[in-house]
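Overview (structure and organization)
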Amino acid sequence: MRLAYILLLITMATVPASAACRHALVLALDISGSVDPTEYRLQLSGVANALLAPDVQELILSEPEAPITLSIFEWSSDLHQKMILNWTELKSRETLINIASVLANHRKDRATLKTAIGSALKFSKSILDQKKHCWRRTIDLSGDGSNNDGKTPQETYMAIDFDNIVVNGLVVSLDKDTQNPIFNKQKELQGYFDTEVIHGFGSFSMLALGYEDYKRAMSEKLLKELSAPIIGYNNDTFPKLRNKPL
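Since this is a predicted model, take the numbers as computed values, not measurements.

Our focus in this paragraph is the overall build of the protein. Broken down by element type, the protein carries eight helices and six strands. Starting at the N terminus and walking to the C terminus, you meet the elements of the protein as α-β-α-α-β-β-α-α-β-α-β-α-β-α. The buried share of the protein, reckoned over its 246 residues, is 51%. Sequence separation of 24 or more characterises 79% of the internal contacts of the protein that already satisfy a separation of 6 or more. About 11,300 Å² of surface is accessible on the protein, with carbon and sulfur atoms providing 54% of the total.

What follows is about the environment of K224. Locating K224 in the fold gives a position in helix α8 (residues 214-226). What makes K224 partly exposed here is its relative accessible area of 39%. For the pair K224 and V56, spaced 168 residues apart in the sequence, the C-alpha separation amounts to 9.8 Å.

For the rest of this paragraph, the subject is helix α4 (residues 93-105). Its 13 residues place the ends of α4 19 Å apart at the C-alpha level, agreeing with the 18 Å of an ideal helix rising 1.5 Å per residue. Here α4 has its buried residues at T95, L96, I99, A100 and L103. Around the axis of α4, the buried residues are gathered within 140° of arc, so they sit on the same side. Set apart from the buried face of α4 by more than 90 degrees, the exposed residues are E94, N98 and N105.

Turning our eyes to something else, we now look at the state of the cysteines. Applying the stated rule across the entire model yields one disulfide. Bridging C21 to C134, the disulfide has an S-S length of 2.1 Å. Note on the C21 and C134 pair: the S-S dihedral is about 95°, so by sign convention the disulfide is right-handed. Highlighted residues: C21 in the loop between α1 (2-14) and β1 (23-30) and C134 in the loop between α5 (117-128) and β4 (137-143), separated in sequence by 113 residues. Assigned by exposure class, C21 and C134 land together as buried.

What follows deals with the environment of V102. The residue V102 is located in helix α4 in this model. Distance from V102 to L44, taken between C-alpha atoms, is 9.6 Å for residues 58 residues apart in sequence.

Let us now look at the packing of aromatic side chains. Within this structure, the stated rule accounts for four aromatic pairs. Look at Y157 and F162: their rings are 5.0 Å apart centre to centre, the planes differ by 90°, and that puts the pair in the edge-to-face class. Here Y157 and F162 have matching classes, each one buried. Here the guanidinium or amino end of K108 rests over the ring plane of Y40, the centre of that ring lying 5.0 Å away. Of note, K224 hangs over the ring of F204, and the distance from its end group to the ring centre comes to 4.2 Å.

Turning our attention to the packing of helix α2 (residues 37-52) against α4. The N-to-C vectors of α2 and α4 enclose an angle of 175°; their axes lie 9 Å apart at closest approach. The angle between α2 and α4 places the two elements in the roughly antiparallel class. In this structure, α2 contributes R41, L44, V47, A48, L51 and L52 to the contact, and α4 contributes R93, L96, I97, I99, A100, L103, A104 and N105. Tallied by class, residues from the contact of α2 with α4 come to 11 nonpolar, one polar and two charged.

What follows deals with the side chain of K131. Tracing the backbone shows K131 in the loop between α5 and β4. Apart from residues lying up to four places away in sequence, K131 is in contact with A24, T69, W87 and R137.

Quick look at the pairing of β1 now. Burial analysis of β1 places eight of its eight residues in the buried class, which makes it a mostly covered element. Here β1 shows a buried face lined by H23, L25, L27 and L29 and a second buried face lined by A24, V26, A28 and D30. Bridging between β1 and strand β2 (residues 68-75) involves eight bridges; their strand directions are parallel. Bridging across to β2, L27 finds its partner in I72. Sheet topology note: the β1/β4 ladder contains five bridges and is parallel. Residue V26 lies in a different strand from β4, and its bridge partner there is I139.

What follows covers the pattern of salt bridges. Within this structure, the stated rule accounts for seven salt bridges. D213 is the salt-bridge partner of R216, the closest N and O atoms lying 2.5 Å from each other. Judged by its relative accessible area of 32%, R216 falls in the partly exposed class. Judged by relative accessible area, which is 16%, D213 ranks as buried. For R216, the salt bridge is made with E220, and the minimal N-O distance between the two is 3.2 Å. One end of the pair is R216 and the other is E220, both in helix α8 and four residues apart, which spans about a single turn.

Rules of the game
- Residues numbered from 1 in each chain as written.
- Predicted model: local features only at pLDDT ≥ 70, side-chain atom pairs only at ≥ 80, totals over all residues.
- Heavy atoms only, no water.
- Helix = DSSP H or I, 4+ residues; strand = E, 2+ residues; numbered from the N terminus.
- Buried < 20%, exposed > 50% of the residue type's maximum accessible area, 1.4 Å probe, protein only.
- Contact = heavy atoms within 4.5 Å.
- Areas by Shrake-Rupley, 256 points an atom, 1.4 Å probe, with all protein chains shown as cover.
- Expected span 1.5 Å × (residues − 1).
- Arc of directions from axis to C-beta.
- Disulfide = S-S within 2.5 Å.
- Phe/Tyr/Trp six-rings, centres within 6.5 Å; stacked < 30°, edge-to-face > 60°.
- Lys NZ or Arg CZ within 6 Å of the ring centre and 35° of its normal.
- Axes fitted to C-alpha atoms, helices over the stretch in contact; angles between N-to-C directions.
- Parallel < 35°, antiparallel > 145°, perpendicular 65-115°, else oblique.
- Nonpolar A, V, L, I, M, F, W, Y, C, P; charged D, E, K, R; others polar.
- Pairing = 2+ DSSP bridges.
- Salt bridge = Lys/Arg side-chain N within 4 Å of Asp/Glu carboxyl O.

Right under this line is the structure:
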């Protein structure tokens, strides 16, 4: 661990200030058939409001010399992924307000009904490949169902190198009544995410009680993943651990 820290300091010292990037974050939003138009808008507004939450905003803007960079896309079936926001450096409150406006004005294409988590992970990885210089790289995948199209998440991890990348999950319960038997099935879905979807050292999942609870869950998730310590960022120093939640 000490060696990893020393190597990171050396790397940070040799990277030009203009190229410094402390965290590349991809938000992957589920728009499969289980997400109706109202829930879709709640999901987008939840992301926007979470980014503008004072404590999240303070954390995001805390190190302007090495900003966080953000990308957002929506996904459903094996061949359906659409960019909402290309890579954007989060250097000011005005940038966050502009992103909130982009989300408020975005309209989805007609989405297919299926849920292809493996394909969403593959697409996320292709985006993150553009940001290999960033000290941390994270995929933040939201979903309210398990994979039923294309390769499974584990098949995707076996086929593609996800070393140096952390995958966290935001699981949306379709029932807000925690005493309802349906809720237990949603807890099982979180167990599925914990076993099959999340990936990397310190990865975790967060549960939202319906899309009305999306802002709260996303805010807590951003605070947790963006404040995680940087251990290292290259193949020699980053712990190569899979599915090891804290």
